[in-house]
Structure formats: structure tokens, C-alpha cells
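Working through the structure, step by step
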Amino acid sequence: MPASLVVWILTALILVGVLTQKWWEPRLEARGVPVRRWPWRWWLAGYPATALRIVTTWRRLAYLNGLSVSMSPDRRVIGRDLVVQGQALKPKPPRLTWPMPTATGLTLRVLLHPGQTPAPFYAAARAMEHTWRVHSVRVTSPHRGQVVIEVTARDPLTEDAPSVRLPAPGLLAADVGVFEDGGPWLIDLRRTPHWLVTGATQSGKSSLLAALVLALAPQRVALVGIDCKGGMELGLFGGRLSALAVDRPQALGVLAGLVDEIQARTRWCRSWDKRSVWELPEEQQPVPLVVIVDELAELYLTDGSRESRDQAEQCGTLLLRIAQLGAALGVHLVIAGQRVGSDLGPRVTALRAQLGGRVAHRAHDAASAEMTLGDINPDAVITAQNITEDEQGVAVVAMGGRWMRARSRLVTTAAAVDIGRSDPPEDPFLTQPDPVTFQKGGIAA
């Protein structure tokens, strides 16, 4: 079939589709096909141009950034005992597969030559961004001998995350926003039990915590809040919380009660000869507990008095015990703060090591991003430092050894108040805690 005929057929199909859009679009939407959320403009215009630019510039890009390999040796023997060494001519770039489109960009694979490693491709990511005129390039190597290049054509986080939430895929899974590749940002506490959220004031920490509570509220999950700023943030959800501490003495009572609960769940699992609550029969599993701590530093700050120092040390010890023992027993930590460094206390570093999920919003200094993401990936630290004040809610999320930019969903005050009117699960504790300490939506003793 002649190429010109193929072009005419495709053009005719596109023209018919545009002219009949008002007829077929509502019918597909009624059948559950999200046509309006499909990136038509990118697929029809942006993707072909970007893919063509990648294919036509790949050879020169590979040559200038040291990605090409010569098949000829770089040494030649001249005469009987003279060897001349130099740069081999006509280097050959590694083979590139055709770029496949995604919702926000495209993905392509590079087949490495024998002897090549992915390191030069990691270093050439910024050069790819400028050459291909795209927002970002992520280079990974999931298989030996291959490099996967994920291209994001435009930044999907420039707009607020959509207000529509997907149904929870399972217990303790929360849809809190959107990733930079357009996919939903899911915080799955079953897979990553404990989380650390950092960022400067007005960077989006409270919005993320609110989105988390909003997603967990319909589930059979008990929420425990510790907000030592007088309950200004978590107090809006008071009715849905099984307990709320608004100062450090109250937080001590709540944390001590949680440690007692962990010990009770340990005995319960041992009586069933199980190693975790998830191995128990479903009707015997206790209600999962999610402990949300807003502004961790308030638990560690002291005024110099002995009583204040003792309280701070006790809080650090109890939090560390919950982080070490709680995952298998259905007790999960989500800790937020501007800084989570050793300057807060001797046990903060040990606590941070137990928090596998990391979220870094905009920070005032490089050290804050380093504390959150430095042990995950150096590139993630640099990306977090580049978040501007205009990108409220944008953060770098690291979990399972990978990291990605994301934006949390905005939760209005009215929506937070509606959550506060809902009821928590009944009898979420195996123990019989102080009824004043754990009362529905109440203030801890």
C-alpha cells in the first residue's frame, strides 16, 4: 500500500472522529470509558513530533555524550615493535527501540553493546532533556544489557491534582494525589508500613495528611492523631479520630497506650501461633491503627527543665518502639515535620531509619532534603531542592528503592469538617485503655 494512501486514510479517520465527537464521546463516558481524560492532544500532535526528534538526534546525542562504541580496536601495531593508540573512528551508537507513548510522555529501550554499562546514560539524562525539549528524562536499567528511558514531555504537576479519587484497592491503601507520570499516588501501608513527611511551612505537608485521612476515613481503620500545636491541623478530623493528643503530656499517654496495645496484639498472635495479625483469620484480626504525628519537633523540644527533658526522651523511646514493633501488628506511623535530624534528639536518627516511605516537600535548606532522601538516592535530593514556592503540594516520593515527583490532592476545610462528623470503628483496641485517653474524637488525657 503506498505511503500516501496510508496518510490519506489516517487523516480521513481523524477528521471523521473530530466531526462526530459530540455523538460518540458521551456514549463512551456512559459506559465508563474516561475519554475526556485521555491525552488526545499529546497523542495526535506532541508524541509524533517528540518521537521523530528522538530518532533523528539519537546518533549525534550518543556520540557527543560518550554513549557510542567503536567496533574497531583503538590500538594498531606499526612495524615490528611500535604500537599507536588513539580514538577509534566511526563509533556506533547502541540500538534504540521505537518510542512508545504514555499518558504524559513516552518510553523507549536502549540495547547496550557488549562491555557497556548504564552509568554514562544516567549522566546523559540532562543532555537528553535539552536535546529532545522535554520536561524530564528518567533512566533506569531493570534488566541486564538494557536501559529504559522514561520521558515526561510536560510537567503534569503544574495543575492541582484531580479531586476524583479512585476506589481503594485494598485495606490501608490511600489515593492521595497524582504522580508525575499521570498515575495515582497510592500510599499502601501494607507494603510500606511507616512514612516520613518533611517540608517547610506552607509546602503541603498538612494537605498530604488531610488527603491521607480523607482516603482512610471510609475504611475500617482506627486513626490516632498527635498534634502538639494545639490540634490546629488534626483537630478538624476529631470525630473520626479514635484519639487526639494536643500537647506533649497527652501524647505521652497516647503513645504509652499504643505500646500496651502492641504488646496485647503480640500475645494475641502468639496464642494463635501466628507471626503477624495478617496471618490471623479475618474475623480475628484487630482493627489496624494509623498513628499520625504532625510536627515531630514539638515532641522533642525542651525548655531545659528536667521534667521537659524526661518527657522528650520518653516520647522518643515510645515512638521508636512503635516503629520497630508495629508493622506486623497492624500499627503504622505517619510522621511529619520540617526537620527530622539528630539535632532534635538522640533517637531521631534511629526512628528515621525505621520509616521506609519518604516524602520530601520544598525545604529551606539542602540539609533537610538530605535528611529525608539522602540515604535513598542523591538525584532525589537534588530534585527536592528544585521545588519552588509556587509548587505547593509537590514533593519527591521515595519508596521501595524508587523515587518520583508527585502532588497531593487539595482537601478543603469543608471536606475536613465532613470527615470529622464520621464515626471511627468500634472497639479498635484489644486492650482496655483509659476511656479518657482514648475517647471518640476526644482529647487524650
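Here is a short report on the structure shown in this document. In this text, all values refer to a predicted model and were calculated from it rather than measured experimentally.

Details of unusual backbone geometry
Although it is not a glycine, Leu172 adopts a positive phi angle of roughly 70°. When you line up the elements, Leu172 lands in the loop between strand S7 (146–152) and strand S8 (173–179). We note that Asp427 has phi near 50°; this positive angle belongs to a residue other than glycine.

Focus on the packing of helix H11 (residues 366–373) against helix H12 (residues 378–385)
Each pair of packed helices gets described by two things: the angle between the helix axes and the distance between those axes. Close contact between H11 and H12 brings their axes to 9 Å; oriented N to C, the two are set at 140°. For the element pair H11 / H12, the angle class is oblique. Along this stretch, H11 crosses H12, giving a crossing that reads as right-handed. Across from Ala366, Ala369, Glu370 and Leu373 in H11, the residues of H12 making contact are Ala380, Val381, Ala384 and Gln385.

Concerning the side chain of His332
Turning to its location among the elements, His332 is positioned in strand S14 (residues 331–337). Owing to a relative accessible area of 1%, His332 belongs among the buried residues under this scheme. In contact with His332, not counting residues within four places along its chain, are Leu172, Leu189, Pro193, His194, Trp278, Leu289, Val290, Val291 and Ala327.

Things to note about the sheet that holds strand S10 (residues 195–198)
One open sheet holds the 10 strands; their spatial order is S9-S8-S17-S16-S15-S10-S14-S13-S11-S12, and the pairing between them is mixed. Either end of the sheet is taken by a strand with one partner, and the two such strands are strand S9 (184–188) and strand S12 (241–245). Across the sheet, the mean angle separating the axes of adjacent strands is 25° when strand polarity is ignored. The pairing of S8 with strand S17 (residues 402–408) spans 3 bridges and is antiparallel. Of the residues in S17, the one forming a bridge with Phe179 is Ala406. Helix-sheet contacts for H12 involve strand S15 (357–360), strand S16 (394–399) and S17, and the interaxial angle to S17 is about 20°.

Here we look at the packing of helix H7 (residues 248–271) against helix H9 (residues 306–325)
Between H7 and H9, whose axes approach to 10 Å, the crossing angle comes to 30°. If you check the angle between H7 and H9, you find them roughly parallel. Read as a crossing pair, H7 and H9 show a hand that is left-handed. Counting all contacts with H7, which are made through Arg248, Pro249, Leu252, Leu255, Ala256, Leu258, Val259, Ile262 and Gln263, the residues of H9 involved are Ser308, Gln311, Ala312, Gln314, Cys315, Leu318, Leu319, Arg321, Ile322 and Leu325. Among the residues forming the contact of H7 with H9, the class breakdown is 13 nonpolar, 4 polar and 2 charged.

Things to note about the pattern of salt bridges
Tallied over the entire structure, the rule returns 8 salt bridges. We note a salt bridge from Arg421 to Asp418, for which the minimum N-O separation is 2.6 Å. Each of Arg138, Glu180, Glu391 and Arg405 takes part in a single network of salt bridges with overlapping partners.

What counts and how
- Residues numbered from 1 in each chain as written.
- Predicted model: local features only at pLDDT ≥ 70, side-chain atom pairs only at ≥ 80, totals over all residues.
- Heavy atoms only, no water.
- Helix = DSSP H or I, 4+ residues; strand = E, 2+ residues; numbered from the N terminus.
- Axes fitted to C-alpha atoms, helices over the stretch in contact; angles between N-to-C directions.
- Parallel < 35°, antiparallel > 145°, perpendicular 65-115°, else oblique.
- Left-handed = near helix turned anticlockwise from the far one by under 90°.
- Contact = heavy atoms within 4.5 Å.
- Buried < 20%, exposed > 50% of the residue type's maximum accessible area, 1.4 Å probe, protein only.
- Pairing = 2+ DSSP bridges.
- Nonpolar A, V, L, I, M, F, W, Y, C, P; charged D, E, K, R; others polar.
- Salt bridge = Lys/Arg side-chain N within 4 Å of Asp/Glu carboxyl O.

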